[in-house]
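Examination of the molecular architecture
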Amino acid sequence: MKQTLLSLSNLSKQFDGKTVLDSLDLEILDGEFITLLGPSGCGKTTLLRLMAGFEHPDDGTILLGGQDLTHTPPEKRPLNTVFQNYALFPHMSVFDNVAYGLKMEKRPKEEIRQRVDEALAMVQLEEFARRKPHQLSGGQQQRVAIARAVVKRPKMLLLDEPLSALDYKLRRTMQVELKRLQRELGITFVFVTHDQEEALSMSDRVVVLKDGLIQQLGTPREVYERPANLFTARFVGETNFFPGRIDKANGDDTITVDVFGLKRTFRKPDFPVAAGQPLHVLLRPEDIRVLAPDDDDGVAGKVVERNYKGSTLDSVIHLEDSTEVLASEFFDEDDPTFDYRLGEPVKVSWVDGWEWLLPMESPEAEAEANLDE
Amino acid sequence: MSRWLPRTYLTLVYVLLYVPIIVLVVFSFNDSRSGYEWGGLSLRWYEALFNNRAMVQAMWNSLWLALSAATVSTMIGALTALALHRYRFRGKKLLNGMLFIVMMSPEIVLAISLLALFLLVGLKLGYVSLLLAHVTFCLPFVVITVMARLSGFDERLPEAARDLGASDFTMTRTVLIPVIMPALVAGWLLGFTLSLDDVVVSTFVSGPSYEILPLRIYSMVRVGLKPEVNALGTLLLVFSLFMLILSQWILLRSRR
């Protein structure tokens with residue numbers, strides 16, 4: 001069992017009367033890779049800045065290994081930050097940038113040289129030590145920023161959207177590299193991103209934030225497969241929301257739900273259910289089965305959009321009641337030419353048991369969820 | 001034909017700009033007393049210049065004044081720019097606007113009001129009154145130069161320094177000042193030049209105890225142009241060229 005390293009309790013922060021964080025509690029475990037995920041303005045960056053000490057909470061406490069850090073200035077906190085646009089010192093060489101933190105600790109010269117060399121070797125930039133930051137590419141600058149932060153051997157590394165300025169391919173490489181670094185160093189990483197794919201692929205745990213409140217805290221698998229609410233379901237990955245109505249609750253922990261006139265049997269969800277109650281039936285595009293129009297199963301519709309994605313064929317299907325369904329199908333080895341015509345009639349179905357059920361939320365949340373579509 | 005027109009035009013512009021300066025330099029080495037005829041090479045006007053004790057004194061006075069005014073206004077100006085950039089406070093817009101008023105208002109108005117102020121508080125006209133006046137009109141230029149540099153300054157740099165263990169003071173010393181150094185140098189040079197050749201304000205606020213070069217030259221030319229002035233002009237030209245090259249060199253070095 002991992003121990004708690006950083007414990008945030010009841011944290012609140014307002015800017016100009018606008019609440020950014022609302023009595024937030026979070027425990028970060030020693031050695032984990034935890035991601036703060038949310039749209040812009042959700043409070044994820046503010047949360048990170050509170051941990052780093054650049055902002056101070058209006059209320060609440062921050063404990064690191066039992067020690068109160070709430071009012072400690074950033075220079076006295078045993079954690080370091082990798083900034084979004086790297087924030088390398090433009091007037092210093094790569095070596096001096098990385099050495100800066102050690103010089104502040106007044107380490108002996110020889111030790112500084114050795115540790116900086118090690119840090120630069122770790123990010124494969126030994127031969128760039130004498131360059132100035134502006135002579136490096138974006139990816140190289142990124143690696144200097146990481147070396148500069150880890151050379152101090154912090155208890156925790158805070159990363160504020162560190163990959164957002166890189167192009168897609170470089171981002172993938174850096175994701176792998178960051179994971180490797182985290183394993184090798186054994187440091188706790190707190191990673192801020194708005195990219196859900198990045199969050200899912202890198203993290204041990206994901207914190208989904210919205211309006212300064214934690215929407216869900218769990219492993220990537222939990223967050224993706226069992227979203228806690230409409231917001232998480234919508235924000236993390238693509239989802240089809242089908243309107244359902246409970247027909248009856250069966251004795252054997254299942255319920256029968258009416259979806260598009262089909263009677264389907266689902267596992268009984270965690271929330272209380274009653275006959276006649278409306279609910280959301282969530283199905284990821286990859287869980288959708290597209291069938292021939294003469295199939296006995298499924299709901300009729302027609303293909304209105306098809307996107308070739310290389311490994312999958314993504315399509316949008318309009319049902320007769322004008323609900324849009326997203327489907328993502330892998331190419332079948334037996335039928336490499338598999339494709340749809342626009343306007344082609346099909347039927348849409350899924351395998352029962354792959355669905356996820358959510359209760360109806362407040363009218364505002366429902367309206368907001370519909371607005372995005 | 002159409003290729004010659006722009007060239008001729010450009011040549012004309014440069015001739016008009018530089019011929020007077022070249023004439024001044026050439027005639028500073030003229031042996032003749034007259035300003036119109038050539039009497040052979042000589043350094044006699046330089047000799048006369050350096051034997052003119054009042055003139056040499058005025059030169060030193062001017063240099064000292066320009067040095068101190070530029071330094072004081074760079075210090076105050078840099079701090080003002082930092083305050084305007086970093087903090088939000090009451091009257092920030094007012095302060096900003098007032099700096100522009102000093103810069104835009106006619107020099108004569110500034111001169112009269114400064115003189116009135118000095119007389120009111122009973123300040124003896126001399127070095128101190130000149131310094132105060134020069135710092136006043138140099139300040140907005142320094143503030144604007146430094147603010148321009150700060151506007152492109154990455155707000156994350158101070159945070160990165162603090163994050164790595166630097167106190168606010170150490171951060172200022174090791175990150176903030178080195179990064180805005182080119183603006184400080186530029187602001188200082190601007191102040192130095194403005195102070196060195198100011199006539200209007202200086203006429204009002206200087207006293208007999210501290211004579212400065214522009215006023216001395218001005219009083220000299222009123223009674224007829226002496227060739228000594230040519231020699232002085234040449235020296236000043238060499239000096240400003242030297243300062244210009246020095247500043248460019250500093251800027252280039254800090255950029256590398």
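With an unreviewed UniProt entry as reference, chain B is termed Spermidine/putrescine transport system permease protein PotC, source organism Marinobacter excellens LAMA 842. The Sequence similarities (unreviewed entry) field of the UniProt record for chain B holds the comment "Belongs to the binding-protein-dependent transport system permease family. CysTW subfamily." Listed in UniProt under the heading Function (unreviewed entry), the comment for chain B reads: "Required for the activity of the bacterial periplasmic transport system of putrescine and spermidine."

Our focus in this paragraph is the overall build of chain B. Scanning chain B for helices and strands turns up 11 helices and 0 strands. Mapped in sequence order, the helices and strands of chain B form the string α-α-α-α-α-α-α-α-α-α-α. Each principal axis of the C-alpha distribution contributes one length, and for chain B these read about 70 × 60 × 35 Å. The proportion of buried residues among the 256 residues of chain B is 39%. Partitioning the intrachain contacts of chain B with sequence separation of at least 6 by distance along the chain shows that 71% fall at a separation of at least 24. The averaged location of the 13 negative side-chain charges in chain B is 5 Å from the averaged location of its 21 positive side-chain charges.

Scanning chain A for helices and strands turns up 9 helices and 20 strands. Along the first, second and third principal axes, the C-alpha set of chain A runs to 80 × 50 × 40 Å. Across the 373 residues of chain A, 52% fall into the buried class. Restricting to contacts in chain A with at least 6 residues of sequence separation, those with at least 24 account for 65%. Taken as a whole, chain A presents about 17,800 Å² of accessible surface, with 48% of it coming from carbon and sulfur. Mean positive and mean negative side-chain charge positions of chain A (45 and 63 charges, respectively) differ by 9 Å.

Right, let's get into empty space enclosed by the protein. Going through the model one piece at a time under the given rule, you end up with 1 cavity of 30 Å³ or more. Of the voids in this model, the largest cavity is the one considered here, and its volume is about 50 Å³. Residue lining of the largest cavity: L48, R49, A52, F54, T81, F83 and D160 of chain A together with R156 and E159 of chain B, and that is the complete set. Looking at the lining of the largest cavity element by element, the count peaks at 3 residues for helix 1 (residues 44–52) of chain A. Looking at the lining of the largest cavity, its residues break down into 4 nonpolar, 1 polar and 4 charged.

As a further point, take the side chain of N97 of chain A. All names here are of chain A. One can find N97 in helix 2 (residues 94–104). Residue class for N97 comes out buried when judged on its relative accessible area of 0%. A polar side-chain atom of N97 sits 3.2 Å from the main-chain carbonyl oxygen of M92. The residues touching N97, leaving out its near neighbours within four places in the chain, are L88, F89, M92, P133, V144 and R148.

With that settled, the discussion passes to the side chain of N80 of chain A. Along the chain, the position of N80 of chain A falls in strand 6 (residues 79–82). A distance of 2.9 Å separates a polar side-chain atom of N80 of chain A from the backbone oxygen of D163 of chain B. Aside from chain neighbours lying at most four places away, what touches N80 of chain A is A149, K152, P154, M156, L157 and L158 of chain A together with D163 and L164 of chain B.

Right, let's talk about the UniProt feature "transmembrane region" (unreviewed entry) in chain B for a bit. All names here are of chain B. Here, the residues flagged by UniProt with the feature "transmembrane region" (unreviewed entry) are residues 12–29, 63–85, 97–121, 127–148, 175–196 and 229–252. Within the segment residues 12–29, helix and strand shares are 89% and 0% respectively, and the terminal C-alpha atoms sit 26 Å apart. Span residues 229–252 is 100% helix and 0% strand, its end C-alpha atoms 34 Å apart.

Quick look at the layout of surface pockets now. Empty space among the atoms becomes visible once a probe the size of a water molecule is rolled across them. All names here are of chain B. In this model, the largest pocket occupies a volume close to 590 Å³. Around the largest pocket, the lining comprises 18 residues; the ones closest to its centre are T193, L196, D197, L236 and S240. Contributions of two or more residues to the lining of the largest pocket are made by helix 1 (4–27), helix 8 (168–196), helix 10 (213–222) and helix 11 (227–255). Sort the elements by how many residues they give to the lining of the largest pocket and helix 11 lands first, with 7 residues. Here the lining of the largest pocket is composed, by residue class, of 15 nonpolar, 2 polar and 1 charged.

Our next topic: the packing of aromatic side chains. Geometry of an aromatic ring pair is reported as the spacing of the ring centres plus the angle between the planes. All names here are of chain A. Applying the stated criterion across every chain, the model contains 13 aromatic pairs over all chains. Taken together, the ring pairs connect F33, F189 and F191 into an aromatic cluster. Its end group placed over the ring of Y224, R284 keeps NZ or CZ at 3.9 Å from the ring centre.

The next point concerns the interface of chain A and chain B. The interface of chain A with chain B comprises 24 residues on the first partner and 22 residues on the second. When chain A packs against chain B, the two sides together hide about 1,800 Å² of surface, and 57% of this comes from carbon and sulfur. Looking only at chain A, the three residues that lose the most surface to chain B are E75, H91 and Y100 of chain A, adding up to 28% of its buried area. Our count for the contact surface shared by chain A and chain B stands at 3 salt bridges. Across the pair D16 of chain A and R88 of chain B runs a salt bridge, and its minimum N-O distance is 4.0 Å. For the pair chain A and chain B, the number of links is 7 residue pairs in polar contact (both at pLDDT 80 or more). Contributions of two or more residues to the side of chain A that touches chain B are made by helix 1, strand 6 and helix 2 of chain A. When the residues that make up the side of chain A that touches chain B are grouped by side-chain class, the tally is 13 nonpolar, 5 polar and 6 charged.

Further remarks concern a nonpolar patch on the surface. On the surface, Y9, L10, V13, Y14, L17, Y18, I21, I22, V26, W38 and L41 of chain B cluster together into a nonpolar patch covering about 1,100 Å² of accessible area. Structurally, L41 of chain B can be placed in the loop between helix 1 and helix 2 (44–51).

All names here are of chain A. The N-to-C vectors of helix 2 and helix 3 (residues 109–122) enclose an angle of 125 degrees; their axes lie 9 Å apart at closest approach. Viewed along their axes, helix 2 and helix 3 adopt a mutual orientation that is oblique. Crossing hand, helix 2 versus helix 3: right-handed. In this structure, helix 2 uses V94, F95, V98, A99, L102 and K103 to contact helix 3, whose residues at the interface are I112, R113, R115, V116, D117, A119 and L120. Residue composition of the contact of helix 2 with helix 3, grouped by class: 9 nonpolar, no polar and 4 charged.

All names here are of chain B. Contact geometry for helix 3 (residues 53–86) and helix 6 (residues 127–151): axes closest at 6 Å, N-to-C directions at 45 degrees. When the axis of helix 3 is compared with that of helix 6, the two are oblique. Remark: the crossing between helix 3 and helix 6 carries right-handed chirality. When the residues that make up the contact of helix 3 with helix 6 are grouped by side-chain class, the tally is 20 nonpolar, 8 polar and no charged.

Residues and elements named next belong to chain A. Inspection of the entire model under this criterion finds 26 salt bridges over all chains. For R115, the salt bridge identified is with E111, shortest N-O distance 2.7 Å. Of this pair, R115 and E111 both sit in helix 3, separated by 4 residues, roughly a single helical turn. Residue classification places R115 among the buried residues on the basis of a relative accessible area of 8%. Residue classification places E111 among the partly exposed residues on the basis of a relative accessible area of 24%. One salt-bridge network, held together by shared partners, links E105, R107, E111, R115 and K152.

Conventions we followed
- Throughout this document, residue positions are counted from 1 along each chain, in the order its sequence is written.
- All chains are assigned letters beginning with A, and all ligands numbers beginning with 1, in the order in which they are written.
- Local features in this predicted model are restricted to residues of pLDDT 70 or higher, and side-chain atom pairs are both shown and tallied only at a pLDDT of 80 or more, whereas totals for entire chains, interfaces and linings draw on every residue.
- Just so you know, side-chain values use all the structure's heavy atoms and leave hydrogens and water out.
- UniProt positions are given in the numbering used here, feature names are shortened, and annotations may be inferred rather than shown by experiment.
- Helical segments are the DSSP runs of H or I of at least four residues, strand segments are the runs of E of at least two, and each set is numbered from the N terminus.
- Burial classification: accessible surface area is computed with a 1.4 Å probe over protein chains only, and a residue below 20% of its type maximum counts as buried, one above 50% as exposed, and the rest as partly exposed.
- By the convention used here, residues are in contact when the closest approach between their heavy atoms is within 4.5 Å.
- His is not counted, nor are the chain ends, whereas Lys and Arg count as positive and Asp and Glu as negative.
- Working definition for charges: the position is that of NZ of Lys, CZ of Arg, CG of Asp or CD of Glu.
- Accessibility throughout is a Shrake-Rupley quantity obtained with a 1.4 Å probe, and a residue counts as covered only by protein chains that appear here.
- Lining residues are defined by having an atom within 4 Å of a point belonging to a cavity or pocket. Those points lie on a 1 Å grid over the protein atoms alone, cavities being sets where a 1.4 Å probe fits but cannot get out and pockets being open sets with protein on both sides within 12 Å along at least five of seven lines.
- Grid points are joined across faces, edges and corners, and a volume is the space filled by probe spheres set on the points.
- Three categories are distinguished: nonpolar for Ala, Val, Leu, Ile, Met, Phe, Trp, Tyr, Cys and Pro, charged for Asp, Glu, Lys and Arg, and polar for the others, with Gly belonging to the last.
- Two N or O atoms count as a polar contact when they lie within 3.5 Å, although within protein this holds only if one can serve as hydrogen donor and the other as acceptor, and sequence-adjacent residues are included solely when both atoms are side-chain atoms.
- To pair, rings of Phe, Tyr and Trp, with the six-membered ring standing in for Trp, must have centres within 6.5 Å; the planes then decide the type, stacked if under 30 degrees apart, edge-to-face if over 60, and tilted in the middle.
- Two conditions define a charge located above a ring, namely a distance within 6 Å from the ring centre to NZ of Lys or CZ of Arg, and an angle within 35 degrees of the ring normal.
- By convention, the term buried area covers the 1.4 Å-probe accessible surface removed from two parts as they join, with the contributions of both added.
- The working definition used for a salt bridge is a side-chain nitrogen of Lys or Arg within 4 Å of a carboxyl oxygen of Asp or Glu.
- Note on patches: the residues involved have over 30% relative accessible area and no salt bridge, like charges join within 9 Å, and the nonpolar side chains Val, Leu, Ile, Met, Phe, Trp and Tyr join within 5 Å.
- Axes here refer to lines fitted to C-alpha atoms; in helices the fit is confined to the stretch in contact. Angles between the N-to-C directions go from 0 to 180 degrees.
- Reported orientations rely on four angle classes, namely roughly parallel under 35 degrees, roughly antiparallel over 145, roughly perpendicular from 65 to 115, and oblique for the rest.
- Throughout, a crossing is termed right-handed when the near helix is turned clockwise from the far one, and left-handed when it is turned anticlockwise from it by less than a right angle.

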